Amino acid sequence: MNQYYKGKAKYTLAWLAAFIFVLVTLCSRAFDTNHFRFHISLTTDTKFAVTTDTIPVKNKKDSISSTADSTLDLLKATPGVKEIKPTGKGDTSLIPTVDSFAFKSSGDSLDAPVSYHADDSMLMDIPAKKLYLYGKSSDVTYKSSDLSAPVIEFDQQSSIVSAFLVKDSNGKVIAYPAYNDKDFRSVSDTLRFNMKTGKGLTKGTYTQQGEMYVYGEKIKKVDENVFYALHGRFTTCNLDTPHFAFVSSKIKFINKKMAFSGPVHPEFEGVPLPIVLPFGIYPLTQGRHSGFIAPSFAANEQYGLSLEGLGYYKILGPVWDVVLRGTLYSYGGWQANISPRYYKRYRYQGNFNLHMLRSKIGFKGDPDYSVTKGINVQWTHSADTKARPGVTFQASVNAGSTKFNQNVPNNPQINYTNLLQSTISYGKVWKNKPYNVQVTAGHDQNSTSGLINVSLPNVAFNVTTLYPFRRKEAIGSYKWYENLGVALNTNVRSLSSFYDSANAWPQIAKNYKWGASHSVPITLSLPSLGPLQVSPSVSYQERWYHEKFYLAWNAADKKLDTTIKKGFYTARDMNYGVSMTTRIFGSYLFGKRSKVQAIRHEIRPVVSVNYKPDFNSQNYYDVQTDTSGKYIAQHSYYERSVYGSFSRGKFAGLNFGIDNNIQMKVKNRKDTAQDAVKKVTLIDGLGINGSYNFLADSFKLSSLTVSARSNLFQKVNITANASFDPYRYDATGRRIDKLIWTKKAVTLGTLSSASISLSSRFQGGDKKNVGPGTAAANRTMVDPNNIPGGLTLDEYQQEAMYMQNNPGEFADFAIPWSVDFSYSLRYNQSRTLASSTAPSKIVKTLNQDINFNNSINLTPKWKLGIQGSYNITQKELGVLTMFVSRDLHCWQMTINLAPVGRYRFFTINISPKSAILRDIKVNRTRYFYDL
């Protein structure tokens, strides 16, 4: 220690002597007049042409004399001047070298500065060239490497940094060394690494690779991407002592890419299992990579045991990839699925899905033996609107065999789907032009009846509203007539229908038909007349047909005969109208001490007058419909056309309606401001609508429709509708042309139909962790534009269906309880006509349904849930699903059960929570069907 302090004193004296020498030199030059003049004459005329950032010297004509020799000697001694050459009589020019300091760097110096910080203290060992940092949060930063530890040692000669943990008097660790270098992060007991090469050795180290937590007794880092672990383990459990892990004596990691190990075996709670693999290869890359897809096992009462979902995922390039899947059944059935996908950022994306199946139920000789083949084709495509502004192209195709959905095993959601639909659309909007066009094609099919409708092509051409009387350069506001606007909407459709059978093409040609519809709306926006807003309108419509339908009574066969006449036919219609609307406000104020500050009532009445001339009476005819000739029906020549027929007769009527909104202002308890209030909507809408036809010969007043909607306390959604008939009925049950108010003054009429729906959701827990936008809410959301892992949209939707069907596997334990319910009531009332044997009577039908989805945490780790539906009217229980879920930290156990219904099943699943280990699970599934 004495030798250390002697050496330190020696170095201190040397530095002090150097400092005094420099100080004396600077002082002597500061008082030298020649030197002083030398600096202040940088901008004066000199005899010397200086070509670098050097200091010029005055010539002999200056008041302060100096000799040329002494000046040249001074210039030669100036750093950066290589030589002096004369440029003329008495002139000398300078040729400089590079204006920089030339020094020799130390062999142990680093390439970049080192930043360091010590919380407690810092010790420098100058003879040994070592630096010691002490403190809980001491750290050293060099380039991209950052080290924090309670004790850090830096050896300047070897460029090696060492870090150690520190324990308190009770043996508890105060802090661990933590090392970060780009994507590599670790926490260790002891750490040593070379700051120049980046190589290092650690002991008792924890690091993370994606979702994988890695521990090694010793870890050797050979470069920025490769490191080796001795006696290591890796797991998705984030505990220091994990619940499970895969253990190997030697492991090599390539950062964010791959990991390789020797013999590896699993451990649970530190107990090794007698399952040893000779080696292991583990992909650590984030994103797409080709590989096999592990299957799962299931049992089905009809198809037997199955190996489901065995497949392979292949990357075909930066734009394309494909998923191949297959399923085998022990009774002889199989499924095959080919799903290519394409994605080009900022351009387009989509996927295809070809699904084939062969279902075999039972064995030959069994009464229920059957073999069915089916195929389903799906295609989705969407283009980025920024790629081609003004052009849109989208496709959603879902077509297949009629019985395909019914024969898909182990998927009740698809089994209950009876309607398949497809749409392909192309749109074009011209820049700075008032028109646009859209071409579409579509199809729909009913898997129960086998009827398929195809619509191809459909063209829509629209011209936006034009104002022909407006000035090109308007000064001030427009005149009233300048707001007269004219638009055009043209639609052309062609369609056909056929049944799923072998002779489909003849049906398509036979049932093909087309039609066109043109609409020219003329509008005029008038200035407000005080509180009233008046808007007149005129509409012209024209339809084109390619055939006429004739119905005639065949007296010989006693039936109606249909005759179709091909050709080109047209029909026209016009409508004139003017509407008037306003808004009426009223409020009631309460006292200042009242919690309710005010109630605000808004009334929105609407009245419109319309007139429609009779342009289509010639397109209607009367037809006898029975042998007696008493019953005559009116039919139109175009009633079976694509766009249908216009209504016959004149119409001059009044349409009226009124809507109400009621809000309440109450004191806001959450806001401490003196006048803080919040609005509470009591009734979003309460209205009544109807019409009156002045030209009708009877029943001029239409039925009255009453509607109401509200969201009470932002919790309960209520929607209600009702229809009232304002006319009376006689004893035989026939409707007569007498208003009900002549008999009963205070009434809206006879209730003919009504409906009410009510829904709400309540849940407990921290509101910051639940609700829209949280992880729990986003877990079941399907984003077609961000499909992970190479899954097709169809497969991702199937995953969402699986999540809905197996909610226990996706339980959110942050929600201690939740109650989600909806209730609907539908009421209809009609009258029967009296007969010789039975009088007229009122027939009433009432249907009530309730849907529920509830869950509760029995303990912080156990969750119980139930969801289903119940028909109150028929007293029938619909689909009912129950689940029990157990949180095992890094694992989860779920039991899903559907005990009633046509499709019954139960599943028991124990699996890791991590997505990268989703295929490592213990699963037991059984399905039961009622044919």
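Everything below is about the structure shown above.
Side note on the environment of T845
Note on placement: T845 falls in strand β49 (residues 842-859). Given the relative accessible area of 36%, T845 is considered partly exposed. It is 9.5 Å that separates the C-alpha atoms of T845 and S753, two residues lying 92 residues apart in sequence. For T845, the residues in contact, after removing those within four places along its chain, are R826, Y827 and N828.

As for the nonpolar core
Counting residues in each nonpolar core, the largest one holds 27 residues, and the members touching the most others are L147, I152, V161, F193, M195, F234 and F253. Contributions of two or more residues to this core are made by β6 (130-142), β7 (145-155), β8 (160-164), β13 (190-194), β15 (212-221), β16 (226-235) and β17 (244-254). Discounting residues that sit within four places of it in the chain, F193 has contacts with L147, S159, I160, V161, Y179, K199 and G200. The next biggest cluster of nonpolar side chains, apart from the first, holds 9 residues, and it includes L551, Y569, A571 and Y621.

Section: the pattern of salt bridges
Counted by the stated rule, this structure contains 15 salt bridges. The salt bridge partner of E153 is K130, with a shortest N-O separation of 3.7 Å. On the criterion of sequence distance, the pair formed by E153 in strand β7 and K130 in strand β6 is long-range, its members being 23 residues apart. What makes K130 partly exposed here is its relative accessible area of 25%. Across the salt bridge formed by D321 and R341, the nearest N and O atoms sit 3.4 Å from each other. Placement of D321 in strand β25 (residues 320-329) and of R341 in strand β26 (residues 334-344) is noted, with a sequence separation of 20 residues between them. Since its relative accessible area comes to 1%, D321 is described here as buried. Look at the salt bridges and you will find they share partners, linking R583, E602, R604, D659 and R709 into a network.

Topic: a nonpolar patch on the surface
Taken together, the side chains of F762, W817, V819, I856, L858, W862 and L864 make up a nonpolar region of the molecular surface, amounting to roughly 590 Å² of accessible area. When contributions to the nonpolar patch are tallied by element, the ones reaching two or more residues are β48 (817-831), β49 and β50 (862-871). Structurally, V819 is set in strand β48. We classify V819 as partly exposed; its relative accessible area is 31%.

Let's talk about the side chain of S818
Looking at where S818 falls in the secondary structure, it is placed in strand β48. Sequence-distant contacts of S818, that is, excluding residues within four places in its chain, are made with R761, F762, Q763, N853, N854 and S855.

Remarks on the packing of aromatic side chains
Applying the stated criterion across every chain yields a total of 29 aromatic pairs. Measuring from ring centre to ring centre gives 5.6 Å for W544 and F568, while their planes differ by 65°; the resulting arrangement is edge-to-face. A residue pair is termed long-range when its members are at least 10 positions apart, and W544 in strand β35 (residues 533-554) and F568 in strand β36 (residues 559-581) qualify at 24 residues. Members of the aromatic cluster, joined through ring pairs, are W320, Y342, Y348, F352, W379 and F393. One Lys or Arg, R470, reaches over the ring of Y467 and ends 3.8 Å from the middle of that ring. Here the guanidinium or amino end of K548 rests over the ring plane of Y637, the centre of that ring lying 5.0 Å away.

Notes on the environment of T747
Following the sequence through the fold, T747 ends up in the loop between β46 (735-739) and β47 (750-763). Take T747: its relative accessible area is 23%, and that puts it in the partly exposed class. Taking the C-alpha atoms as reference, T747 lies 9.4 Å from F724; in sequence the two are 23 residues apart.

As for the pairing of β50
Here 10 bridges tie β49 to β50, and the two strands are oriented antiparallel to one another. Paired with N853 across the bridge in β50 is Q867. Adjacent in sequence and paired antiparallel, β49 and β50 are bridged by 2 residues. Across 9 bridges, β50 lies against strand β51 (residues 876-888) in antiparallel orientation. Residue Y870 lies in a different strand from β51, and its bridge partner there is L877. Counting the residues between successive antiparallel strands, the hairpin from β50 to β51 contains 4 residues, one of them, K875, with a positive phi of roughly 55°.

Considerations on the state of the cysteines
All chains considered together, the criterion is met by 0 disulfides. Summary of cysteine pairing: C237 is not part of a disulfide, and the nearest cysteine sulfur, belonging to C890, is at 3.6 Å.

A short note on the pairing of β6
Note: strand β4 (residues 114-117) against β6, 4 bridges, orientation antiparallel. What sits directly across from S115, in β6, is T141. Direction of pairing for strand β5 (residues 121-125) relative to β6: antiparallel, over a ladder of 5 bridges. In the sheet register, M122 faces β6, and the bridge partner there is L133.

Regarding unusual backbone geometry
As a rule of thumb, non-glycine residues mostly have phi less than zero, and peptide bonds are mostly trans rather than cis. Going from L456 to P457, the amide bond is cis rather than trans, its omega being -10°. Tracing the backbone shows P457 in strand β32 (residues 451-466). The backbone phi angle of K558 is positive, close to 55°, even though this residue is not glycine. If you trace the backbone, K558 turns up in the loop between β35 and β36. For F699, which is not glycine, the phi dihedral falls at a positive 50°. Within the secondary structure, F699 sits in the loop between β42 (677-693) and β43 (704-712). For F699, a relative accessible area of 29% translates into the label partly exposed.

A look at the side chain of E482
Summarising the element assignment, E482 is placed in the loop between β32 and β33 (484-499). According to the relative accessible area criterion, E482 is buried, its value standing at 1%. A distance of 2.6 Å separates a polar atom in the side chain of E482 from the backbone nitrogen of K479. The contacts of E482, once residues within four sequence positions are left out, are Y467, F469, R470 and R471.

A short note on the environment of P536
Along the chain, the position of P536 falls in strand β35. Its relative accessible area of 25% is what places P536 among the partly exposed residues. Sequence separation between P536 and S579 is 43 residues; the distance between their C-alpha atoms is 6.3 Å.

Rules and cut-offs
Residues numbered from 1 in each chain as written. Predicted model: local features only at pLDDT ≥ 70, side-chain atom pairs only at ≥ 80, totals over all residues. Heavy atoms only, no water. Helix = DSSP H or I, 4+ residues; strand = E, 2+ residues; numbered from the N terminus. Buried < 20%, exposed > 50% of the residue type's maximum accessible area, 1.4 Å probe, protein only. Contact = heavy atoms within 4.5 Å. Core = buried A, V, L, I, M, F, W, Y, C linked by side-chain atoms within 4.5 Å. Salt bridge = Lys/Arg side-chain N within 4 Å of Asp/Glu carboxyl O. Patch = residues over 30% accessible without salt bridge, like charges linked within 9 Å, V, L, I, M, F, W, Y side chains within 5 Å. Areas by Shrake-Rupley, 256 points an atom, 1.4 Å probe, with all protein chains shown as cover. Phe/Tyr/Trp six-rings, centres within 6.5 Å; stacked < 30°, edge-to-face > 60°. Lys NZ or Arg CZ within 6 Å of the ring centre and 35° of its normal. Pairing = 2+ DSSP bridges. Disulfide = S-S within 2.5 Å. Polar contact = N/O pair within 3.5 Å; in protein donor to acceptor, adjacent residues only side chain to side chain.

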